[in-house]
2 protein chains.
Amino acid sequence: MTFPVVGMVGGGQLARMTHEAGIPLGLKFKLLSDTPQDSAAQVVSEVVIGDYRDLDTLRAFARGCDVITFDHEHVPTEHLRALEADGIPVRPGPDALVHAQDKGVMRARLLEIGAPCPRHRIVSDPADAAAFAEEVGGFPVILKTVRGGYDGKGVWVVRSEADAADPFRAGVPVLAEEKVDFVRELAANIVRSPHGQAVAYPVVESIQVDGVCDTVIAPAPDLSEELAGEAQQLALRIAAELDVVGHLAVELFETRSADGTPGILVNELAMRPHNSGHWTQDGAITSQFANHVRAVLDLPLGDPRPRAPWTVMCNVLGGDYPDMYQGYLHCMAHDPQLKIHMYGKDVKPGRKVGHVNTYGDDLADVRERARHAADYLRGTITE
Amino acid sequence: MTFPVVGMVGGGQLARMTHEAGIPLGLKFKLLSDTPQDSAAQVVSEVVIGDYRDLDTLRAFARGCDVITFDHEHVPTEHLRALEADGIPVRPGPDALVHAQDKGVMRARLLEIGAPCPRHRIVSDPADAAAFAEEVGGFPVILKTVRGGYDGKGVWVVRSEADAADPFRAGVPVLAEEKVDFVRELAANIVRSPHGQAVAYPVVESIQVDGVCDTVIAPAPDLSEELAGEAQQLALRIAAELDVVGHLAVELFETRSADGTPGILVNELAMRPHNSGHWTQDGAITSQFANHVRAVLDLPLGDPRPRAPWTVMCNVLGGDYPDMYQGYLHCMAHDPQLKIHMYGKDVKPGRKVGHVNTYGDDLADVRERARHAADYLRGTITE
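All values reported here derive from a predicted model rather than from experimental measurement.

About the cut-offs
Residues numbered from 1 in each chain as written. Chains lettered and ligands numbered in written order. Predicted model: local features only at pLDDT ≥ 70, side-chain atom pairs only at ≥ 80, totals over all residues. Heavy atoms only, no water. Buried < 20%, exposed > 50% of the residue type's maximum accessible area, 1.4 Å probe, protein only. Helix = DSSP H or I, 4+ residues; strand = E, 2+ residues; numbered from the N terminus. Contact = heavy atoms within 4.5 Å. Buried area = accessible area lost by both parts, 1.4 Å probe. Salt bridge = Lys/Arg side-chain N within 4 Å of Asp/Glu carboxyl O. Polar contact = N/O pair within 3.5 Å; in protein donor to acceptor, adjacent residues only side chain to side chain. Nonpolar A, V, L, I, M, F, W, Y, C, P; charged D, E, K, R; others polar. Axes fitted to C-alpha atoms, helices over the stretch in contact; angles between N-to-C directions. Parallel < 35°, antiparallel > 145°, perpendicular 65-115°, else oblique. Domains from an automatic or database assignment.

Quick look at helix α4 (residues 94-101) of chain B
The buried fraction of α4 of chain B is high, at seven of eight residues. Each element contacted by the buried residues of α4 of chain B is listed here: β4 (67-70), α3 (77-85), α5 (103-112), α7 (225-242) and β14 (262-270) of chain B.

What to know about the interface of chain A and chain B
It is common to report an interface's size as the accessible area lost on association of the parts. Listed per partner, the contact involves 50 residues of chain A and 50 residues of chain B. Taking both sides of the interface into account, the surface hidden between chain A and chain B amounts to around 4,400 Å²; carbon and sulfur atoms contribute 55%. Remark: the boundary between chain A and chain B carries zero salt bridges. Counting the contacts that link chain A with chain B gives 18 residue pairs in polar contact (both at pLDDT 80 or more). Secondary-structure elements contributing two or more residues to the side of chain A that touches chain B are α1 (13-22), α10 (325-334) and β16 (339-342) of chain A. Looking at which element gives the most residues to the side of chain A that touches chain B, the answer is α10 of chain A, with five residues. Looking at side-chain class alone, the side of chain A that touches chain B contains 28 nonpolar, ten polar and twelve charged residues.

Regarding the packing of α4 of chain B against α5 of chain B
Residues and elements named next belong to chain B. With their axes 5 Å apart at the nearest point, α4 and α5 run at an angle of 110° to one another. Regarding the angle of α4 to α5, the classification is roughly perpendicular. Touching Val98, His99 and Gln101 of α4 are Lys103, Val105, Met106 and Arg109, all from α5. Here the residues of the contact of α4 with α5 are counted per class, giving three nonpolar, two polar and two charged.

Describing the domain arrangement of chain A
Domain annotation of chain A identifies domain 1 (5-90), domain 2 (119-178) and domain 3 (184-378). Measuring from the centre of the C-alpha atoms in domain 2 of chain A to the corresponding centre in domain 3 of chain A gives 28 Å.

Some thoughts on unusual backbone geometry
All names here are of chain B. In this structure, the amide linkage connecting Phe139 to the following residue, Pro140, adopts the cis form with an omega of -5°. Relative to the assigned elements, Pro140 resides in the loop between α6 (126-135) and β6 (141-145). Looking along the chain, the bond that leaves Ala218 and enters Pro219 is cis, with omega of -10°. Secondary-structure assignment places Pro219 in the loop between β12 (212-218) and α7. Here the phi dihedral of Asp222 falls at roughly 55°; this positive angle occurs in a residue that is not glycine. With respect to the helices and strands, the residue Asp222 is situated in the loop between β12 and α7. The exposure class of Asp222 is exposed, given its relative accessible area of 81%. Residue Asp243 is not a glycine yet carries a positive backbone phi of 55°. Its location among the elements puts Asp243 in the loop between α7 and β13 (246-256). Residue Asp243 is classed as partly exposed on the basis of its relative accessible area of 45%.

Structure (structure tokens):
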């Protein structure tokens with residue numbers, strides 16, 4: 001059979017779950033991983049251990065792959081262009097991916113296509129940051145390094161000029177953004193294929209704790225059909241304008257104007273399967289992982305609709321107990337409907353080591369079950 | 001983390017799909033496979049290539065595994081006893097598994113526990129088979145070699161004494177059974193753990209073509225609650241009496257007595273994930289594969305209830321076209337809700353190379369969608 005070979009760069013949990021989704025599709029999966037202990041390397045047959053920052057390693061890995069896709073956004077743009085020049089399809093391509101790699105490029109392009117964004121500009125030093133704060137109504141403002149951040153890293157809430165020194169220390173350009181007074185955070189997740197087919201998942205609510213995703217509720221409760229549609233349309237438009245291929249997560253702020261009118265602003269873009277889409281594994285007809293793989297291979301996309309009225313995902317973070325097996329056993333006994341997803345990672349405090357999904361008709365119950373399991377696994381509660 | 005290592009003997013599609021189900025559970029999976037090209041060997045990280053009939057190979061493989069389980073029933077019973085003597089949990093254990101390995105042992109034991117069976121006895125030669133036929137009302141009768149058969153192999157429908165020579169040629173004891181005038185075939189699938197917890201899946205209808213499973217409908221249409229309950233109770237009782245651990249498929253004939261009373265007779269037992277349970281991957285809260293793994297590790301079992309009113313599975317058999325990729329593409333475009341499961345196997349006429357699952361509210365529609373996809377993939381239809 002001429003079933004294609006998918007080359008996945010990065011051995012984290014997103015690669016692990018993409019491999020899981022690719023098994024029933026009959027695909028061959030090749031992994032470029034930092035170490036043999038990485039989450040995905042534990043479960044994939046064909047693993048190359050190597051550094052994705054090294055072009056020769058990437059080139060050797062890409063040989064024999066029908067497409068290259070990613071577990072993270074950190075592969076240097078120029079390396080991706082070199083792979084493309086070698087004739088290897090890279091999806092998403094470097095021209096799209098740069099918008100998820102560089103927050104400065106992303107904001108400039110979103111402005112160009114009229115996507116609603118917080119006020120922002122690149123600032124050169126703490127004094128310039130203070131000037132920006134003045135322009136948007138005063139401190140606090142958000143400073144972000146344009147490259148290299150994730151899960152709250154590389155992001156500072158700055159309350160004064162004196163407070164603004166840290167972000168400039170990395171020697172990376174710094175983007176200043178107004179601190180949006182948002183009602184809540186949403187995510188509009190879509191998948192787009194090279195021939196332009198696209199599917200939109202229901203818009204979800206994403207609850208962050210200390211800058212890290214904690215809970216995702218699908219669909220976002222009490223979101224008007226109008227605003228949900230607007231968010232989905234925006235995500236589809238961004239994907240088309242930026243020529244994104246694969247899964248695109250558009251992280252959004254939901255806002256209220258002075259007169260109470262709801263609105264949305266784009267917070268971040270991610271061009272890969274995303275934490276805000278993990279609920280789809282058990283809650284949607286086709287998961288984000290299956291659709292990402294289908295998209296990068298230009299296969300027809302699967303139905304993104306939900307299978308239950310409510311699905312809730314809670315991340316399992318490492319706590320004080322290095323061994324989660326007893327908690328895992330308890331959770332299975334406590335809730336036979338619970339869907340546990342462990343990543344095979346060693347427990348370290350605050351590290352994402354898994355997530356749980358629950359679904360059903362009653363949101364309060366579904367949410368409580370996911371919360372209980374995540375807290376029990378972490379060791380925050382013991383009953 | 002002290003997550004356990006599951007040792008799977010056999011590299012077929014059942015092992016492949018069990019690995020897939022084990023990934024979210026965070027388990028470590030080790031595979032003993034005949035060749036690196038086997039279905040499961042393509043997708044598992046830790047693969048040992050070796051012969052399961054060789055005790056030294058099995059012993060070396062079992063070292064470091066927390067439990068040994070199976071993709072097939074062909075490991076010699078004495079080897080399993082040797083592994084147990086080495087202190088390796090073997091699940092299902094040899095004393096249970098022998099009933100799925102030897103149809104003579106199975107029938108004798110089922111009779112002992114009062115499970116309804118077709119009339120049967122071991123026959124010594126064609127004349128003895130003719131004598132058995134006389135006892136049960138004449139030819140045709142069924143002859144089966146007690147070991148080594150599957151998918152219609154090792155089973156003969158015999159119409160005369162002259163016709164009865166073949167089954168005796170293998171030098172394996174031959175079991176004669178009356179040819180049951182059944183209404184249809186059912187399967188009662190249950191999962192049981194060492195501490196005795198058990199869950200029962202809905203009873204399904206299984207439609208065979210040329211002795212090979214073709215379609216499974218979950219739940220079996222128009223099956224009375226009473227007979228469904230009877231079938232589930234029977235499967236649970238067999239599992240408890242035989243001390244089965246893991247997934248048990250009880251293949252059944254549904255019969256009608258002269259006065260129209262429905263009944264069931266046990267046809268076959270399988271102690272592993274089974275083709276009649278593939279629908280659970282997309283149609284049940286917990287799949288047979290996930291529950292099999294949970295059972296062999298003595299973890300609490302997952303909810304076996306269906307997620308949709310109807311789920312239909314159709315097997316994809318190899319046809320005249322060696323390359324299914326075009327058909328696969330067509331099926332995805334035709335039905336975005338279709339769940340395709342390919343095994344990574346080369347296409348050979350009549351070989352099981354995958355299956356499809358469909359689910360929904362309208363049985364006729366669900367069935368038609370699965371049928372269309374399976375026929376299209378095989379190449380029987382081209383529109």
